[in-house]
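Below are the chains, spelled out letter by letter.
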Amino acid sequence: KKEKTLAMIKPDAVTKLGSIIEAILDTGFTITKAKMVKLSRAEAMDFYSEHQSKSFFNDLINFMTSGPIIAMEVIGDEAVASWRKLLGPTNSTVARSDSPESIRARFGTDGTKNAAHGSDSIASAARELEFFFPSSGGRGPKNTA
Ligand code: CMP
């Protein structure tokens, strides 16, 4: 079944944009939208609000606001699960042993600096795509340096 998901390249892997796009397209996905933005703290906290009570939340927000990110709408067969499979395990160190061809194994650093994000369900994909590519009203995160 054809699905949409959010693929986000995090600040540590923006320089790997070319290789990551190559991996996405080689897997058969279509990239239908893309935007490079620097998130404010408020925006990062909103995007990751489900993790606000976690011990790593502050580290995550510091990391996600440390430089620009690239958000992409990716479409393909079972795109939600299949993009997360291409990402590999959340922790890049684990990914290097369990899934060495994965994006997090190839381009990430550790448990927080893990190169890229993927929505974890159809519902979160809808929310996360709306966050970066609003269908009406506001323009979404602005491209400010
Ligand atoms: P992501 O898939 O974007 O979803 C939440 C993010 O929080 C995750 O990738 C990591 O960047 C970070 N994260 C998740 N679990 C941990 C953890 N145990 N320690 C530190 N950071 C984490």
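Computed from a predicted model, the values in this text were never measured in an experiment. (Residues numbered from 1 in each chain as written. Predicted model: local features only at pLDDT ≥ 70, side-chain atom pairs only at ≥ 80, totals over all residues.)

**Some words on unusual backbone geometry**
Backbone phi values are negative for most residues with the exception of glycine, while trans is the configuration of most peptide bonds.
Here is step 1: Phi angles above zero are rare outside glycine, and glutamate 78 is one such case at about 50°.
Here is step 2: Mapping glutamate 78 onto the fold places it in the loop between strand 3 (69–77) and helix 4 (79–87).
Here is step 3: For glutamate 78, a count of 12 C-beta atoms within 10 Å gives the class exposed.
Here is step 4: Phi is positive for alanine 115, which is not a glycine, with a value near 75°.
Here is step 5: Checked against the element boundaries, alanine 115 lands in the loop between helix 6 (103–107) and strand 4 (116–118). (Helix = DSSP H or I, 4+ residues; strand = E, 2+ residues; numbered from the N terminus. Buried ≥ 20, exposed ≤ 12 C-beta atoms within 10 Å, placed from the backbone.)

**Comments concerning the site of the ligand**
Here is step 1: All residues adjacent to the ligand are His51, Phe56, Leu60, Thr90, Gly111, Thr112, Asn114 and His117.
Here is step 2: Here the shell around the ligand is built from residues that sort into 2 nonpolar, 6 polar and no charged. (Near = placed C-beta within 6 Å. Nonpolar A, V, L, I, M, F, W, Y, C, P; charged D, E, K, R; others polar.)

**Describing the nonpolar core**
Here is step 1: Ala7, Met8 and Ala116 are the most contacted members of the largest nonpolar core, which totals 31 residues.
Here is step 2: Elements supplying a minimum of two residues to this core: strand 1 (2–9), helix 1 (17–26), helix 2 (41–47), helix 3 (57–64), strand 3, helix 4, helix 6 and helix 7 (122–132).
Here is step 3: For alanine 7, the residues in contact, after removing those within four places along its chain, are Ile24, Met72, Val74, Trp83, Ala116 and Gly118. (Core = buried A, V, L, I, M, F, W, Y, C linked by C-beta atoms within 7 Å. Contact = placed C-beta atoms within 7 Å.)

**Topic: the sheet that holds strand 2 (residues 30–37)**
Here is step 1: The antiparallel open sheet is built from 4 strands, whose spatial order is 2-3-1-4. Two strands bound the open sheet, and with one partner strand each, they are strand 2 and strand 4. On average, adjacent strands in this sheet sit at an angle of 20° to one another, irrespective of strand direction.
Here is step 2: Looking at chain direction, strand 2 and strand 3 are connected through 7 bridges and run antiparallel. Opposite threonine 30, over in strand 3, you have isoleucine 75 as the bridge partner.
Here is step 3: Along the sheet face, helix 7 touches strand 1, strand 2 and strand 3 and points at about 55° away from the line of strand 1. (Pairing = 2+ DSSP bridges. Axes fitted to C-alpha atoms, helices over the stretch in contact; angles between N-to-C directions.)

**Focus: the environment of leucine 25**
Here is step 1: Among the secondary structure elements, leucine 25 is positioned in helix 1.
Here is step 2: It is 33 Å that separates the C-alpha atoms of leucine 25 and glutamine 52, two residues lying 27 residues apart in sequence.

**Describing the environment of serine 121**
Here is step 1: The topology assignment puts serine 121 in the loop between strand 4 and helix 7.
Here is step 2: For the pair serine 121 and alanine 79, spaced 42 residues apart in sequence, the C-alpha to C-alpha distance is 9.8 Å.

**What about the UniProt feature "binding site: ATP" (unreviewed entry) in the protein chain?**
Here is step 1: Here, the residues flagged by UniProt with the feature "binding site: ATP" (unreviewed entry) are Lys10, Phe56, Arg84, Thr90, Arg104 and Asn114.
Here is step 2: Within the secondary structure, arginine 84 is located in helix 4.
Here is step 3: Excluding its chain neighbours within four sequence positions, the residues that come into contact with arginine 84 are Gly118 and Asp120.
Here is step 4: Non-local contacts of threonine 90, meaning those with residues more than four positions away in its chain, are made with Gly111 and Asn114. (UniProt positions renumbered as here; feature names shortened; annotations may be inferred.)

**Considering the environment of tryptophan 83**
Here is step 1: When you line up the elements, tryptophan 83 lands in helix 4.
Here is step 2: The class for tryptophan 83 is buried, based on 25 C-beta atoms found within 10 Å.
Here is step 3: Ignoring sequence-local partners within four residues, the contact set of tryptophan 83 consists of Thr5, Ala7, Val74 and Gly118.

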